[in-house]
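# Chains, contacts and geometry: an overview
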Amino acid sequence: MFESLIGLAAIIALFVIISRQQSRIGLIERELGALRSLVLSGAVLPAARPAEQPQADAKPAEAITAEVASPPVADDAGAEAPAAQAAAAAGEVVSGPWAKDEAPPPAAEPAAGPAEAAQPAKAARQTDVETALGTRWAVWVGGIALALGGLFLIRYTIEAGIFGPGVRLTMAGILGLVLVGGGEFIRRTGFKVPVQGAAGAYIPAILTAAGAFILFGTVYAAYGIYGFIGPALAFALLGVIGVATIAASLVHGLALAGIGLIGAMATPALVSSQAPNPWALFVYLAIVLAATAAIARLRDWKALVAAAFVGTGLWTILYMANTPAANLSAILFIDAATLAVLAFVWLGARGAEAESAGGFDWPSIAPAIFVGLSALGLSVDPAFTVAGDALAGAALLAAMLAVALYRPRALPLLHAAGLVTAMIYLGIIPPTSIGSDIVGGSLGVDGQPVVVSDQLTRNIGVGLGLLFIAAGFWAARQWVATARIRSASWVAWAVIAPLVVLTALWFTFGNLDRDFLYAAVAALLVVTFAAGGEWIARAEEPPLKGDGAVSFALGGAAIAALLMLHMAFGSGWTTVLVGAAAVVPALATRWRSYPVLGWISVGAVVATLARVAYDPTIVGAASLSTTPVFNWLLPGYGVPALAFGFAAWQLARTTNGRPRLAMEAGAALFALLTLAILVRHAMHGGVLDTGTVTLAEQAIYTLIALGAGAILVAIDRRSPSSVMRYGSMAVGVLSVAFVAVRHFVVLNPLFTDESTGTIPVFNLLFLAYLLPAVAAGALALYVRDKRPRWYAAMLALVASLLAFAYATLSVRRLFKGEFIGLWSGLGQVETYTYSALWLAIGVALLTAGVWLKSQVLRVASAALIAIAVLKVFLFDMSELEGVLRALSFIGLGAVLIGIGLFYQRLLTRAAKEKAEQAETIG
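Since we're looking at a predicted model, the values are computed, not measured. (Residues numbered from 1 in each chain as written. Predicted model: local features only at pLDDT ≥ 70, side-chain atom pairs only at ≥ 80, totals over all residues. Heavy atoms only, no water.)

### Quick word on the overall build of the protein
A tally of helices and strands in the protein yields 35 helices and zero strands. Looking at the 922 residues of the protein, the share that counts as buried comes to 45%. About 43600 Å² of surface is accessible on the protein, with carbon and sulfur atoms providing 70% of the total. (Helix = DSSP H or I, 4+ residues; strand = E, 2+ residues; numbered from the N terminus. Buried < 20%, exposed > 50% of the residue type's maximum accessible area, 1.4 Å probe, protein only. Areas by Shrake-Rupley, 256 points an atom, 1.4 Å probe, with all protein chains shown as cover.)

See below:
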């Protein structure tokens, strides 16, 4: 077996040698091509300075080729390139890992034309299969083979019984040290990567990694397999190897740092103890984390430091989840160490320019997540909260805010702290819960509050809320002119966290019906947020612009005002006052042109709509008076309608943007709702919800749909939008469909014999037919020349049919009373009245059609008169007797003659006007 290993190593070495020779031949060919291109282009190579001439002569041919044929490429580590250039200028040999497909920085670059220089540079950048096999793959496979060879050698000696365990481990350790020393020797003796594209095969780093791998295995075998050393010494040795490997990455590259970090983080799992000491674990993790962050900062290796934070965080969460009696002090220590490393090591000494710039440091996401989870566990896990240690979680949240203030690029800490605070205090609201074992992974709703709802919880909530407000507004003012997103983020959590805490404490400790103490706190938040927004706005550039930070502050003030109204007043007054509050931000636009003010008014519309949808009776069905009109429905719907209308009027004179259109829509909608809901209340004896869909309810829906169609048309006229255009037509068509199916057929009282009400005029027929007729007719007039002709004609036809149905059914009600079912029969006077009514309506439609120049109305008039003629000749002739039959025919004849005379005069006048126009033209 040993001989076969030697043969395999010889074959690999021979393959590497042949590949390197072939690569050198290829490089010489490229060099000749590059020199030929330079000669043909007439370019002159810069002469080397005398002090540099010996070094230039001593360079191998392939290095000269790489310098001539390839342009300089910057190293991934920004700090290495200047150091390499400085060393080259001083005459020192430069060595070190370069990025993939990258050559060492050249000392001089020949001047050549763009076309001539591009061709050799392109050829030098091409990495063929031969170069890959002969350089990178061979070196990497060789390094892996060395590492495995050391382990296999130990195994062979075990199987053959040649050496004892101590000798085998000593030999393995010597092999590891030899490989590490060999890598350092090769690096110090001037190793360079001469082949373009072979930088990934940096041999010193490969040898060092193989040696570190063997040393890790040797120490672990000495501890875990043979028991030569104890856990403390094994732990220390493995940690030293890991940290040393990470430190060696300063000269050997990022890959070696990753290997060292993996070994260092795996060490606590490899070394076990009968009595584990959390302090030893976390002190060790803190040392590894600090060393890794310091090295990563020198090379700006973000991935490395992020991995170190993740490893430390995972160990912390695993300890908290799996240890029955976790040591609180040790947990706080490692969390504090994590924040300290982030603030003072990784983000330290980066200069004021880096901190003042916008954006954030993405490796900070890892400590934000894990420290936040740790704070959440300390705050909600019964093992900690029962003992009163919820203060520790609050202290961690405060520390996260402090670090985010001190290092503004650590913005993820702010978001994590805010989110954890919200989760904690939403979890104290019965019966919701975020789980009693958050760190154990069991999330769910168990009907019990997670956090102990006591005085400590309340005090911590108050303290965290004040801390978020103070830190948030101060930081927002500091960064509002230079880092808008950062400033807005601080204000957002300065608003969200206190509001969540206040709401949770109110639900848990307060009186949900009416609580003036919490209402006073909400009012104080309104003043604080509004004043803070104004304070921030004065620091903007230009001042008082009202950007994102100011918008969050004023939006928070609006939400706090909504909470205040709900805490201090009953349901009825809350609805009225929330609607009326839309006037306040609209009036504020007289002094400040903040864009958010108009949208706060729109938010009042949305809040009022939500409140009305939750309880259409405003004060509850049991408390709603049965008195028509003058009840809670009138102010509950009417006051918001007036307030929205006034806000729209005010916004039209100041900001005049989309919020103004939304306020107009809200005003029109609530005006329609006021009328519809009052009619429904009056028609149903003070009961709004009967449990079944009636004609009155359907009429309300129709009115709302027609009103919404008009609102959408108005908005589209002021701010054209295809959504508004087609949406308005879709709402109109839907309204017509409901009218045709439900008003005329399904819910028609002529077929259902439903009660039409006891009031003579304001009854079900008024609500279900006359009001929709007026609404449809008004909408038809409004959309003329604004929508397609068929749409306006459809609405006009429906309006005519609804008016005809109202008139006909009203006559029926006049003769039959409250119930007008068809099966109750027809009287002679009633039959005659229908004929007279239809003729009168036909004449009215004809007059309106001529006056409005509407062909649809004239056609509807002709159709209705034709129906009246057929009724008289086919029905009245057989059903009526005596004077009624005579009057029916006399009336019909008089009307038809009058219509004829009317049309004759109309046509005569039209012909006369046409002749006069012809004479004028002639």
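### Considerations on the nonpolar core
In this structure, Leu413, Tyr425, Trp490 and Phe529 are the most contacted members of the largest nonpolar core, which totals 104 residues. The biggest single contributor to this core is helix H20 (residues 484-509), with twelve residues. Leaving out residues up to four positions away in the same chain, Phe529 has contacts with Ile469, Phe473, Ala494, Val495, Pro498, Leu499, Ala553, Gly556, Ala557 and Ala560. In terms of nonpolar packing, the next biggest core, distinct from the first, is built from 38 residues, Val713, Phe766, Tyr769 and Tyr791 among them. (Core = buried A, V, L, I, M, F, W, Y, C linked by side-chain atoms within 4.5 Å. Contact = heavy atoms within 4.5 Å.)

### Some thoughts on the packing of aromatic side chains
Here the structure, examined in full by the defined rule, presents nine aromatic pairs. With a centroid separation of 6.4 Å and 40 degrees between ring planes, the pair formed by Tyr637 and Phe670 is classed as tilted. On the criterion of sequence distance, the pair formed by Tyr637 in helix H26 (residues 633-652) and Phe670 in helix H27 (residues 658-683) is long-range, its members being 33 residues apart. A residue is classified by how much of its surface remains accessible, and Phe670, at 0% relative accessible area, is buried. Ring-pair connections join several aromatic residues into one group, and the members of that group are Tyr637, Phe644 and Phe670. We note Lys786 situated over the ring of Tyr782; from NZ or CZ to the ring centre the distance is 4.7 Å. (Phe/Tyr/Trp six-rings, centres within 6.5 Å; stacked < 30°, edge-to-face > 60°. Lys NZ or Arg CZ within 6 Å of the ring centre and 35° of its normal.)

### Section: the pattern of salt bridges
For the structure shown, the criterion picks out six salt bridges. Among the ionic pairs, Arg592 bridges to Glu534, the shortest N-O distance being 2.6 Å. One end of the pair, Arg592, is in the loop between helix H24 (583-588) and helix H25 (595-614); the other, Glu534, is in helix H21 (residues 516-537), and 58 residues separate them in sequence. Taking the relative accessible area as the measure of exposure, Arg592 reaches 23% and is therefore partly exposed. Linking Glu664 and Arg660 is a salt bridge whose minimum nitrogen-to-oxygen distance equals 3.1 Å. In this pair, Glu664 and Arg660 both sit in helix H27, four residues apart, roughly one turn of the helix. (Salt bridge = Lys/Arg side-chain N within 4 Å of Asp/Glu carboxyl O.)

### Brief notes about helix H13 (residues 328-346)
If you check H13, its first and last C-alpha atoms are 26 Å apart, about what 19 residues at 1.5 Å a residue would give, namely 27 Å. Taken as a whole, H13 carries its principal kink of about 25 degrees at Ala340. Where H13 begins, the capping side chain belongs to Asn327, and its oxygen is found 3.0 Å from the backbone nitrogen of Ser329. (Expected span 1.5 Å × (residues − 1). Bend = angle between axes of the 7 residues up to and from the residue. Polar contact = N/O pair within 3.5 Å; in protein donor to acceptor, adjacent residues only side chain to side chain.)

### Some details on the environment of His566
In this fold, His566 is placed in helix H22 (residues 548-568). With relative accessibility at 36%, the residue His566 sits in the partly exposed group. Through-space distance from the C-alpha of His566 to that of Asp515 is 9.1 Å; in sequence the pair is 51 residues apart. Sequence-distant contacts of His566, that is, excluding residues within four places in its chain, are made with Trp506, Asp513 and Thr574.

### Details of unusual backbone geometry
The omega torsion of the bond from Glu541 to Pro542 falls at -5 degrees, within 30 degrees of zero and hence cis. The phi dihedral of Leu544 is positive, around 60 degrees, even though this residue is not glycine. Take Leu544: it is sitting in the loop between H21 and H22. Of note in the backbone geometry, Asp753 takes a positive phi value of approximately 55 degrees without being a glycine. Following the sequence through the fold, Asp753 ends up in the loop between helix H30 (749-752) and helix H31 (764-782).

### Let's talk about the packing of H22 against helix H23 (residues 571-580)
Between H22 and H23, the least distance of the axes is 8 Å, while the angle of their chain directions is 155 degrees. As judged from the angle between their axes, H22 and H23 are roughly antiparallel. Judged by the sense of rotation from one axis to the other, the crossing of H22 with H23 is right-handed. For the pair H22 and H23, the contacting residues are Leu562, Leu565 and His566 in the first and Thr574, Leu577 and Val578 in the second. A per-class count over the contact of H22 with H23 returns four nonpolar, two polar and no charged. (Axes fitted to C-alpha atoms, helices over the stretch in contact; angles between N-to-C directions. Parallel < 35°, antiparallel > 145°, perpendicular 65-115°, else oblique. Left-handed = near helix turned anticlockwise from the far one by under 90°. Nonpolar A, V, L, I, M, F, W, Y, C, P; charged D, E, K, R; others polar.)

### Describing helix H18 (residues 411-426)
Its 16 residues place the ends of H18 23 Å apart at the C-alpha level, agreeing with the 22 Å of an ideal helix rising 1.5 Å per residue. Within H18, twelve of the 16 residues are buried, leaving the element largely enclosed by the surrounding structure. Within H18 the residues assigned to the buried category are Leu411, Pro412, Leu413, Leu414, Ala416, Ala417, Gly418, Val420, Thr421, Ala422, Ile424 and Tyr425. Against the buried residues of H18 lie H13, helix H15 (365-380), helix H17 (390-406), helix H19 (455-479) and H20.

### What to know about the side chain of Arg660
The class of Arg660 is buried, set by a relative accessible area of 11%. Non-local contacts of Arg660, meaning those with residues more than four positions away in its chain, are made with Ala648, Leu651, Ala652 and Arg718.

### What to know about the packing of H17 against H19
Between H17 and H19, whose axes approach to 11 Å, the crossing angle comes to 0 degrees. As far as their axial angle goes, H19 and H17 are roughly parallel. Packed against H17, whose contacting residues are Ala390, Leu391, Ala394, Leu397, Ala398, Leu401 and Leu405, the element H19 presents Leu456, Ile460, Leu464, Leu467, Phe468, Ala471, Trp474 and Ala475 at the interface. A class-by-class count of the residues in the contact of H17 with H19 yields 15 nonpolar, no polar and no charged.

### Considering the environment of Val736
Turning to its location among the elements, Val736 is positioned in helix H29 (residues 722-746). When its relative accessible area of 15% is taken as the criterion, Val736 is described as buried. Sequence separation between Val736 and Leu797 is 61 residues; the distance between their C-alpha atoms is 9.8 Å.

### Some details on the confidence of the model for the protein
Atom-level detail of predicted coordinates should not be read off regions where pLDDT is low. Residue-level pLDDT values for the protein average 74, and 63% of them are 70 or greater. In the model, residues 1-11 has pLDDT below 50 throughout and makes one contact with residues more than four positions away in sequence or in other chains. A low-confidence stretch, residues 47-127 stays under pLDDT 50, and its non-local contacts, those more than four residues away or across chains, total 100 contacts. (pLDDT = per-residue confidence, 0-100.)

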